[in-house]
Amino acid sequence: MPTPHKVYYPFISPFDPCKPIVAKTYSTPPHLYMQMQPPNLAQFTPHEALRAGTLWKVLYDPYFGPYEKLRKEDSSHD
Amino acid sequence: MTKQVPPEYYQLLEELQAVDFVLVELTLYLDTHPNDQDAIQQFNYFAKESKRIRKVFEKQFGPLLQFGHSYSAYPWNWADSPWPWQV
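As the structure is a prediction and not an experimental result, all values here were calculated from the model.

Undergrad: So what exactly am I meant to see when it comes to the overall build of chain A here?
TA: Looking only at helices and strands, one finds two helices and two strands in chain A. Mapped in sequence order, the helices and strands of chain A form the string β-β-α-α. Evaluated residue by residue, chain A yields a buried proportion of 22% over its 78 residues. Of the contacts formed within chain A by residues at least 6 apart in sequence, a portion of 28% connects residues at least 24 apart. As displayed, chain A offers around 5900 Å² of accessible surface, 65% of which is attributable to carbon and sulfur atoms.

Right under this line is the structure:
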């Protein structure tokens, strides 16, 4: 199932003076999982599409930083 | 007195913006799917819609484009404010 983010866990050296960053996330937008776009995909209305940034619901990928998890729930179409 | 524009100026512009965005998306889609009949019909529908909105807007608020892409009002007023970045 295409996920908007993926996580990887870098090696943490015992001699690292700084506070280690345990988990690092990177964005994986939906188009990575879609080779050739199939015809007749579900679409937004023009006004929604203008706000969402794409015409096709499947390709909608709002980027929220790791610290913006809260914003993700309350406004899926902002 | 600074010139004010009525609210429907913004409504029409947003309508035009939404329709033109759909046209951009469909153009990009049709570049890779030239045989998609439904998408072409939708593209033509929105192209017509875009022309209609531009006509309505230009009748009220003056030309949107220049060099003959828009009719002109009397007097020659394409340089009047508001400019796009002032809106």
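Undergrad: I tried to follow the overall build of chain B on my own but got confused; where do I start?
TA: For chain B, the count of helices and strands is two helices and zero strands. Dimensions of chain B, computed from C-alpha atoms along their principal axes, come out at roughly 55 × 25 × 20 Å. Considering chain B as a whole, with its 87 residues, one finds that 30% of them fall into the buried category. Sequence-distant contacts, at least 24 apart, represent 52% of the contacts inside chain B between residues at least 6 apart. Within the structure as shown, chain B displays about 6400 Å² of accessible surface, and the carbon and sulfur contribution to it stands at 60%. Computing the positive centroid from 7 side-chain charges and the negative centroid from 11, chain B places the two 11 Å apart.

Undergrad: I keep staring at the interface of chain B and chain A and nothing clicks. Help me out?
TA: Many analyses report the size of an interface as the accessible area lost when the parts associate. Taken together, the contact between chain B and chain A spans 15 residues of the former and 15 residues of the latter. Between chain B and chain A, the buried area comes to about 1300 Å², and carbon and sulfur atoms account for 62% of it. Three residues stand out in chain B for area buried against chain A, namely B:Phe21, B:Glu25 and B:Tyr29, and they jointly supply 36% of the buried area on that side. A salt bridge links A:Arg51 to B:Glu14; its shortest N-O distance comes to 2.9 Å. Scanning the region where chain B abuts chain A turns up five residue pairs in polar contact (both at pLDDT 80 or more). Elements with a minimum of two residues in the side of chain B that touches chain A: helix H1 (7–32) and helix H2 (37–61) of chain B. Here the element with the most residues in the side of chain B that touches chain A is H1(B); it accounts for ten residues. Here the residues of the side of chain B that touches chain A are counted per class, giving six nonpolar, four polar and five charged.

Undergrad: So what exactly am I meant to see when it comes to the layout of surface pockets here?
TA: A water-sized probe rolled over the atoms picks out the places where empty space is left. Residues and elements named next belong to chain B. In this structure, the largest pocket encloses a volume near 530 Å³. Forming the walls of the largest pocket are 21 residues, and the residues nearest its centre are Tyr-9, Phe-61, Pro-63, Asp-80 and Pro-82. Elements supplying a minimum of two residues to the lining of the largest pocket: H1 and H2. A per-class count over the lining of the largest pocket returns 14 nonpolar, five polar and two charged.

Undergrad: Please explain H1(B) as it appears in this structure.
TA: With 26 residues, H1(B) should cover 38 Å at 1.5 Å per step; its first-to-last C-alpha distance of 39 Å lies within 8% of that length. Within H1(B), burial applies to B:Tyr9, B:Leu12, B:Leu16, B:Ala18, B:Val19, B:Phe21, B:Val22, B:Leu23, B:Glu25, B:Leu26, B:Tyr29 and B:Leu30. As for H1(B), its buried residues are in contact with helix H1 (46–52) of chain A together with H2 of chain B.

Undergrad: Just to check I follow, could you spell out the UniProt feature "domain: Protein CotJB" (unreviewed entry) in chain B for this structure?
TA: UniProt records the feature "domain: Protein CotJB" (unreviewed entry) for residues 11–86 of chain B in the present numbering. Between the first and last C-alpha atoms of residues 11–86 of chain B the distance is 16 Å; the span itself is 62% helix and 0% strand.

Here is what the cut-offs are and how they apply
- Residues numbered from 1 in each chain as written.
- Chains lettered and ligands numbered in written order.
- Predicted model: local features only at pLDDT ≥ 70, side-chain atom pairs only at ≥ 80, totals over all residues.
- Heavy atoms only, no water.
- Helix = DSSP H or I, 4+ residues; strand = E, 2+ residues; numbered from the N terminus.
- Buried < 20%, exposed > 50% of the residue type's maximum accessible area, 1.4 Å probe, protein only.
- Contact = heavy atoms within 4.5 Å.
- Areas by Shrake-Rupley, 256 points an atom, 1.4 Å probe, with all protein chains shown as cover.
- Lys, Arg positive; Asp, Glu negative; His and termini not counted.
- Charge placed at Lys NZ, Arg CZ, Asp CG, Glu CD.
- Buried area = accessible area lost by both parts, 1.4 Å probe.
- Salt bridge = Lys/Arg side-chain N within 4 Å of Asp/Glu carboxyl O.
- Polar contact = N/O pair within 3.5 Å; in protein donor to acceptor, adjacent residues only side chain to side chain.
- Nonpolar A, V, L, I, M, F, W, Y, C, P; charged D, E, K, R; others polar.
- 1 Å grid on protein atoms, 1.4 Å probe; cavity = no way out; pocket = protein on both sides within 12 Å on 5 of 7 lines; lining within 4 Å.
- Points joined across faces, edges and corners; volume = space filled by probe spheres on them.
- Expected span 1.5 Å × (residues − 1).
- UniProt positions renumbered as here; feature names shortened; annotations may be inferred.

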